[in-house]
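# Coordinate analysis (summary)
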Amino acid sequence: MCAEPLLRVEGVCAKYGDFLAVAGASFEVPAQSIVSVIGANGAGKSTLMDCIAGVHKPVSGRILFKGEDITGLSPNGVVAKRLALVPQGSRCFTRMTVEHNLLMGAYPKHARAGRGERLEKVYELFPMLREKRKDLSGSLSGGQRQMVAIGRALMSAPELILFDEISLGLAPTVIKDIYQRIRAINREGVSVVLVEQDVARSKKTSAYSYIMLRGEMVLSGPSKELDDEKVKNAYFGVR
Ligand code: ATP
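Because the structure is predicted, anything quoted here is derived from the model rather than measured.

Take the environment of Lys-134 next. Relative to the elements of secondary structure, Lys-134 occurs in the loop between helix H6 (127–131) and helix H7 (142–155). Each C-alpha atom of the pair Lys-134 and Thr-71 lies 38 Å from the other, and the pair is 63 residues apart in sequence.

Next up on the list: the site of the ligand. Near the ligand there are 14 residues, and of these Asn-41, Gly-42, Lys-45, Thr-47 and Glu-165 occur at the shortest range. In the environment of the ligand, an oxygen atom lies 2.7 Å from a nitrogen or oxygen atom belonging to the side chain of Lys-45. Here an oxygen atom of the ligand and a side-chain polar atom of Thr-47 are 2.5 Å apart. When the ligand sits alone it has 620 Å² of accessible area, and the protein chains cover 61% of it. Those elements that place two or more of their residues in the shell around the ligand are strand S2 (19–29) and helix H1 (45–52). Among the elements that line the shell around the ligand, the one with the most residues is H1, at three residues. Here the shell around the ligand is built from residues that sort into five nonpolar, seven polar and two charged.

This brings us to the pairing of strand S3 (residues 34–38). S3 sits mainly inside the fold: five of its five residues count as buried. Here S3 shows a buried face lined by Ile-34, Ser-36 and Ile-38 and a second buried face lined by Val-35 and Val-37.

Another aspect to go through is the sheet that holds strand S8 (residues 191–196). Two orientations exist for strands paired in a sheet by backbone hydrogen bonds: parallel and antiparallel. With mixed pairing, six strands are arranged side by side in an open sheet as S6-S7-S8-S3-S9-S10. One side of each edge strand has no neighbouring strand; the edge strands of this open sheet are strand S6 (83–86) and strand S10 (216–222). Within the sheet, the average angular offset between the axes of one strand and its neighbour, ignoring direction, is 15 degrees. Pairing of strand S7 (residues 160–164) with S8 involves five bridges; the strand directions are parallel. Looking at the pairing, Leu-160 lines up with Ser-191 of S8. The strands touched by H7 are S6 and S7; relative to S6, the strand with the most contacts, the crossing angle is about 170 degrees. Relative to the sheet, helix H10 (residues 228–236) contacts S3, strand S9 (208–213) and S10, its axis offset from that of S9 by approximately 35 degrees.

With that out of the way, let us pick up the sheet that holds strand S1 (residues 7–16). Taken in spatial order, the four strands line up as S2-S1-S4-S5 in an open sheet, and their pairing is antiparallel. On the outer flanks of this sheet lie S2 and strand S5 (68–69), each paired with one strand and no other. Contacting S1, S2 and strand S4 (60–65), H1 runs over the sheet at an angle of about 115 degrees to S1.

All right, on to the domain arrangement of the protein then. Splitting the protein by domain gives domain 1 (1–82 + 159–169 + 188–239) and domain 2 (92–158). On the domain 2 side, the residues contacting the ten residues of domain 1 number ten residues. Among the residues domain 1 hides against domain 2, the three largest losses belong to Arg-82, Ile-161 and Ile-166. Together they make up 50% of the total. The shortest N-O distance in the salt bridge between Glu-188 and Lys-121 comes to 3.0 Å.

If you walk through the whole model with that rule in mind, you get twelve salt bridges. Here Glu-120 ties to Arg-130 by a salt bridge, and the two come within 2.8 Å at their closest N and O atoms. Linking Glu-120 in helix H5 (residues 115–125) with Arg-130 in helix H6, this pair joins segments that are ten residues apart in sequence. By relative accessible area, Glu-120 is classed as partly exposed at 34%. The partner of Asp-198 in a salt bridge is Arg-201, with the nearest N and O atoms 3.1 Å apart. Put simply, Arg-8, Glu-10, Glu-28 and Arg-62 are held in one network by salt bridges that share partners.

With eight bridges joining them, S1 and S2 adopt antiparallel strand pairing. Residue pairing in the sheet places Lys-15 in a bridge with Leu-20 of S2. Joining the antiparallel neighbours S1 and S2 is a turn of two residues, in which Gly-17 adopts a positive phi near 60 degrees.

The rules behind these values
Residues numbered from 1 in each chain as written. Predicted model: local features only at pLDDT ≥ 70, side-chain atom pairs only at ≥ 80, totals over all residues. Heavy atoms only, no water. Helix = DSSP H or I, 4+ residues; strand = E, 2+ residues; numbered from the N terminus. Near = heavy atom within 4 Å. Polar contact = N/O pair within 3.5 Å; in protein donor to acceptor, adjacent residues only side chain to side chain. Areas by Shrake-Rupley, 256 points an atom, 1.4 Å probe, with all protein chains shown as cover. Nonpolar A, V, L, I, M, F, W, Y, C, P; charged D, E, K, R; others polar. Buried < 20%, exposed > 50% of the residue type's maximum accessible area, 1.4 Å probe, protein only. Pairing = 2+ DSSP bridges. Axes fitted to C-alpha atoms, helices over the stretch in contact; angles between N-to-C directions. Contact = heavy atoms within 4.5 Å. Domains from an automatic or database assignment. Buried area = accessible area lost by both parts, 1.4 Å probe. Salt bridge = Lys/Arg side-chain N within 4 Å of Asp/Glu carboxyl O.

Now the structure itself:
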């Protein structure tokens with residue numbers, strides 16, 4: 001796809017006990033791009049993202065970020081390389097205010113300088129978060145919490161963000177809104193991996209798509225060129 005991608009995942013395998021959840025998955029993310037990883041429930045998408053983010057240790061394969069092997073780094077080590085994960089389920093610290101949640105994202109050493117400016121940028125991107133900055137995150141709606149989770153990732157000054165099924169359980173209008181912000185984040189130069197079950201939405205937003213099935217990438221190509229029928233068959237494992 002590209003000679004020197006920002007992220008290169010090479011043949012990653014990951015297990016839960018004896019169960020192989022990721023079975024030699026490979027994919028690439030060129031700098032400044034939006035890439036989709038699409039797959040049904042249980043395809044292994046979250047496990048793969050967790051491997052990249054240092055949350056789950058792969059049993060084999062390599063993860064290269066900016067040409068450097070980051071396989072097996074701790075989650076903090078990965079964030080320090082400027083790679084952030086927005087995990088599934090809009091996780092935030094519910095007993096902390098919105099602003100404290102956001103500032104937690106700038107806790108890593110590399111992210112402390114310029115955190116005031118980044119906070120301002122997050123508030124420009126999500127004006128609702130500025131309005132609610134003193135409210136406890138636990139009082140927010142699901143969509144608003146998702147915005148906090150995205151804002152917190154941005155506070156770590158990432159060059160690449162992995163969004164793991166951020167639309168799960170949200171109303172269509174909220175999803176549309178969040179996707180617009182993701183495009184705006186990308187326009188600012190941050191590369192994006194969109195993990196999705198929704199084929200149409202992720203294809204529409206990304207330049208390149210990978211379809212994941214049973215732990216492997218079974219189809220990939222420029223999102224606009226991928227044939228819908230082939231995508232459907234790959235998604236459901238129809239031969
Ligand atoms: P979803 O869209 O449902 O999140 P996914 O594509 O992200 O699915 P994973 O969550 O990575 O898939 O799960 C891949 C496989 O690993 C599934 O079969 C799942 O049941 C299994 N799995 C996930 N987490 C665990 C765990 N903690 N222990 C055991 N098996 C797990």
